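# Coordinates in review
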Amino acid sequence: AWTERADMCITLGTSLCGMNADRLVKAVAGRFPSTGQGLVVVGLQRSVYDEVASLRIWGLCDDVIRMVCKELGAPCPNKKIKSRGDEWISRHPRCVYNTPTRKQSDP
């Protein structure tokens, strides 16, 4: 199982509030408490695993991913994946996310 094999887990924009997938987070954080491996938590909301994370990044997920992609020299967004998403949206006009855009300064 992944809970025994994984040596790093990166969480993006989740409060880690007790869902089944949190088992992986807990296992990785427990095995690698402060070695640079282990758990990475990215988001604006506190989580119960902030104290045991090897790295905690407070920020908007989109901004953090953009910076990681820039550092790695990877295109963001990937043109092929973006075109697939745009195609899916055009074929499903009633299934659109109307999530309001937030800024880091928003409460």
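Residues numbered from 1 in each chain as written. Predicted model: local features only at pLDDT ≥ 70, side-chain atom pairs only at ≥ 80, totals over all residues. Heavy atoms only, no water.

### Digging into the nonpolar core
Listed in full, the 11 residues of the largest apolar core are Ala6, Cys9, Leu16, Val25, Val28, Ala29, Phe32, Leu39, Val41, Tyr49 and Ala53. Elements represented by at least two residues in this core include exactly helix 2 (22-31) and strand 2 (38-43). For this core, the element with the most residues is helix 2, which contributes three residues. Residues contacting Leu16, with those up to four places away along its chain left out, are Thr11, Asp22, Val25, Val41, Ser47, Val48 and Tyr49. (Core = buried A, V, L, I, M, F, W, Y, C linked by side-chain atoms within 4.5 Å. Buried < 20%, exposed > 50% of the residue type's maximum accessible area, 1.4 Å probe, protein only. Helix = DSSP H or I, 4+ residues; strand = E, 2+ residues; numbered from the N terminus. Contact = heavy atoms within 4.5 Å.)

### Section: helix 2
Taken together, the buried positions of helix 2 are occupied by Asp22, Val25, Val28 and Ala29. The buried residues of helix 2 occupy an angular sector of 130° when projected down its axis, which confines them to one face. For helix 2, the exposed residues set more than 90 degrees away from the buried face come down to Arg23 and Gly30. In this structure, the buried residues of helix 2 make contact with strand 1 (8-12) and strand 2. (Arc of directions from axis to C-beta.)

### Details of the layout of surface pockets
Roughly 400 Å³ of volume is contained in the largest pocket. Sorting the residues of the lining of the largest pocket by element identifies strand 2 and helix 3 (61-72) as the ones contributing at least two each. Looking at the lining of the largest pocket, the element that brings in the most residues is helix 3, giving four residues. (1 Å grid on protein atoms, 1.4 Å probe; cavity = no way out; pocket = protein on both sides within 12 Å on 5 of 7 lines; lining within 4 Å. Points joined across faces, edges and corners; volume = space filled by probe spheres on them.)

### With respect to the pairing of strand 2
Among the six residues of strand 2, six are classified as buried, and the element is accordingly described as predominantly covered. Here strand 1 runs beside strand 2; their pairing, made up of five bridges, is parallel. Its bridge partner being in strand 2, Ile10 is matched across the sheet by Val40. Sheet topology places strand 2 next to strand 3 (residues 55-58); four bridges connect them, and they run parallel. Directly across from Val41, in strand 3, lies its bridge partner Arg56. (Pairing = 2+ DSSP bridges.)

### Quick look at helix 4 (residues 79-91)
The first and last C-alpha atoms of helix 4 sit 18 Å apart over 13 residues, in line with the 18 Å expected at 1.5 Å per residue. Its side-chain oxygen at 2.9 Å from the backbone nitrogen of Lys80, Asn78 defines the N-terminal cap of helix 4. (Expected span 1.5 Å × (residues − 1). Polar contact = N/O pair within 3.5 Å; in protein donor to acceptor, adjacent residues only side chain to side chain.)

That is the geometry; function is a separate question.
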